[in-house]
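Chain by chain, the residues:
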Amino acid sequence: MGFTAPIYFLFSAFLLLVILMYFFRKQYEKKAIPSVLLWQEWMNEFEAQAWWRKLQHHLLLYLQLLALLFLIFTLAQPYFEKDGIEGDHIIFIVDTSASMTALEGEKSRLDLAKEKMVQTLDKVDQQEMTVIVAKETPEILIERSQSQKEIAELVEKLGPSYASANLIDSINMAKSLLGEDNGNIQLLSDNFSKEESLELHQNTTFFAHNLGDSHQNLAVEAFGVTMRESKVVGVVTVKNEGNDSKELNLSIFNEEEEVLQQVSEAVEGNKVKTIFLEELPPATLYKAVVSGDEQYRLDNEQFAFLGQQQDPTVYVHKEIHPFARKAVEVASTNVIHLSSDSAEENKFDGVHLIKGIPRSDWPSGPKLVFLSGEDGEKEMELSGEVSGSMADPLMQSVEMEKVYVEKAFTAEEFSSLDVVARRGETPLILSGTYEGHPIIVVTFELGSSDWPLHPGFPLFMFHSIQELTQNRGMLGYFYPGQTMDYFPASDVKKAEILDSDDKVVLSYLTFEQPIALPLTPGLYTLKETKDQKEESRIFTIMLEDAEKSIQTEESFTVSAVSSVDQGEETTTSNNISYLFLMLALVVLLVEWEVYRRGISN
């Protein structure tokens, strides 16, 4: 314990003054008594006692001395020193990126960061606190709070965001919040280098707590597949973050979690190994998994979609209208016109534009079909105005209301498809899935319409080829924390995102804003619920390249105070003068009660 103003102990002289006042105060009171013999004897004994023994009979004196002593201690401002933190405003910056989920023993680095923050909270003494999460765009969770309990509850709820941490912008945000105040920035990360350029105010102390140790880590840096000469080939690059050579096991899976190929290779320390995969079995989705490390598994797998890397051929069959042939040549650079002599046309893999072919002879795969009545379709009577669904991608900038259609054919077999355009109640254009493949059906002949003369017709052909050639079952690749612009069809009532265990992780009923995607890396499914059916598409959340490393940096401190630079613990003063003031008031109350009782007796 120490004293801020010990000079006030000079007032202790008043204690002697109070004692001297008791020596010179009146000793006797006049009273009528029957005899003084006993009083005379008592007075003789009292006068024979020492002066300090006489003081034992004066309780009020002791109480007054004690109250005065407590007041002197209050003026001297006593305090206790304890471990503390310098600064009036303490800002915590927490790195919640994927590398912070790497294990250090049984706990992750993020768990260690949270424990460090709780330990720091125990040293805070009525100082303002702010918590910033170092995301791509730094986020302030709470600002200038003095409640340790509130901060502790907030820290307990912190979880990984998996996206790369923008530490520099987070530090700049903290600097702007501090200004010229006496501040303290506590950065909890794993790989912030002391080589970074930091321009801090002289009143700011900066602590970089880089948690964890560097481990030997295997990471799938890149994985891709493609079709080459009717064969699926792939390439995988694996990095060994470690000084020693490491044996790895690489397994390739399909969407059914079946093992397609396995490879064992040795990777030298701090080197990248490229592994080529020949003649992979056909699949829509491939997953590469590397085994060999335990501390960090998020970078041990990666997905690749085959469908998005192909450039399908568009096959135009014999009876297609000449205007449609010209329009499709503009829409695609890989167009093949088939003749009646193409005996193997049903085996061609690509998008087919067909007309006048019996349904039993339709080729497999995506198709744009023009009905002609040659396959038994009946001609329909048309009435009403022509209109198109502007929410459908096929109708973008296509003004169907200006199109004249003379006749159309029945499309009862395609009643499950979505109606894209109609005249009155008669469907003119339908879109959807037929026998497991994407299909677009035009129920009228182009020759009986003026549509090919409209500027919207080539646009429709372009949108159709794009719709049929894209992989309808896949959305693609995304990073943690990204959002997706989502424009569903008008009949979509609900959209749900399911994880690999078919558990709903996100659900949406309105679609005015871009939808937020999951944070955890992995494979997900977007399921759309429509009026009469459901459609699903898959996508993957993948790690950013910066998060495929778990190497750490040394902790360091930047401060204008030399003792802090050397890493010594700082202390803070806890003033307890108010305790002595309260004790003095209590003693005065007791003295008053003793005096009152003496008067009443």
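Residues numbered from 1 in each chain as written. Predicted model: local features only at pLDDT ≥ 70, side-chain atom pairs only at ≥ 80, totals over all residues. Heavy atoms only, no water.

Draft legend 1. Unusual backbone geometry, seen in detail. Even without being a glycine, Gln 126 presents a positive backbone phi close to 55°. Within the fold, Gln 126 resides in the loop between helix H5 (109-121) and strand E6 (128-133). Look at Asp 502: it is not a glycine, yet its phi comes out positive at around 65°. (Helix = DSSP H or I, 4+ residues; strand = E, 2+ residues; numbered from the N terminus.)

Draft legend 2. Geometry of helix H7 (residues 167-178). Taking 1.5 Å per residue as the helical rise, H7 with its 12 residues ought to reach 16 Å, and the 17 Å between its terminal C-alpha atoms agrees with that figure. Of all the positions in H7, only Leu 167, Ser 170, Ile 171, Ala 174, Leu 177 and Leu 178 are classed as buried. All buried residues of H7 fall inside an arc of 120° around its axis, so they share one side. Residues of H7 that are buried sit in contact with strand E3 (89-94), E6, strand E7 (139-145), strand E8 (183-189) and strand E9 (204-210). At the exit of H7 stands Gly 179, carrying a positive phi of roughly 65°. (Expected span 1.5 Å × (residues − 1). Buried < 20%, exposed > 50% of the residue type's maximum accessible area, 1.4 Å probe, protein only. Arc of directions from axis to C-beta. Contact = heavy atoms within 4.5 Å.)

Draft legend 3. Up close: empty space enclosed by the protein. Inspection of every chain in the model, using the stated rule, returns two cavities of 30 Å³ or more. Considering the residues around the second largest cavity, the lining is formed by Ile 320, His 321, Lys 355, Phe 370, Glu 445 and Leu 446. (1 Å grid on protein atoms, 1.4 Å probe; cavity = no way out; pocket = protein on both sides within 12 Å on 5 of 7 lines; lining within 4 Å. Points joined across faces, edges and corners; volume = space filled by probe spheres on them.)

Draft legend 4. Focus on the nonpolar core. The biggest cluster of nonpolar side chains holds 34 residues, and the ones touching the most others in it are Leu 353, Met 400, Ile 429, Phe 444, Trp 451, Phe 460 and Met 461. Among the secondary structure elements, those contributing two or more residues to this core are strand E17 (313-316), helix H8 (322-331), strand E19 (350-355), strand E20 (367-370), strand E24 (418-423), strand E25 (426-434), strand E26 (437-442) and helix H9 (456-469). In terms of residues, this core owes the most to one element, H9, which gives five residues. For Phe 444, the contacting residues outside a window of four places in its chain are Leu 371, Val 405, Lys 407, Ala 408, Leu 428, Ile 429, Ser 449 and Trp 451. Leu 218, Ile 252, Val 290 and Ala 304 belong to the second largest nonpolar core, which has 21 residues in total. (Core = buried A, V, L, I, M, F, W, Y, C linked by side-chain atoms within 4.5 Å.)

Draft legend 5. Main features of the sheet that holds strand E11 (residues 231-241). Overall, antiparallel pairing links the three strands, which are arranged E10-E11-E14 in an open sheet. If you trace the sheet from one side to the other, it starts and ends with strand E10 (217-228) and strand E14 (272-280), each paired once. Direction aside, neighbouring strands of the sheet carry axes that sit 15° apart on average. (Pairing = 2+ DSSP bridges. Axes fitted to C-alpha atoms, helices over the stretch in contact; angles between N-to-C directions.)

Draft legend 6. Representation of H8 within the structure. Every buried residue of H8 is listed here: Ala 324, Arg 325, Ala 327, Val 328 and Ala 331. The arc enclosing the buried residues of H8, seen along the axis, measures out at 170°, which places them on a common side. With respect to the buried face of H8, the exposed residues turned more than 90 degrees away are Pro 322, Lys 326 and Val 330. Structurally, H8 contributes buried residues whose contacts are with E17, strand E18 (335-337), E19 and H9.

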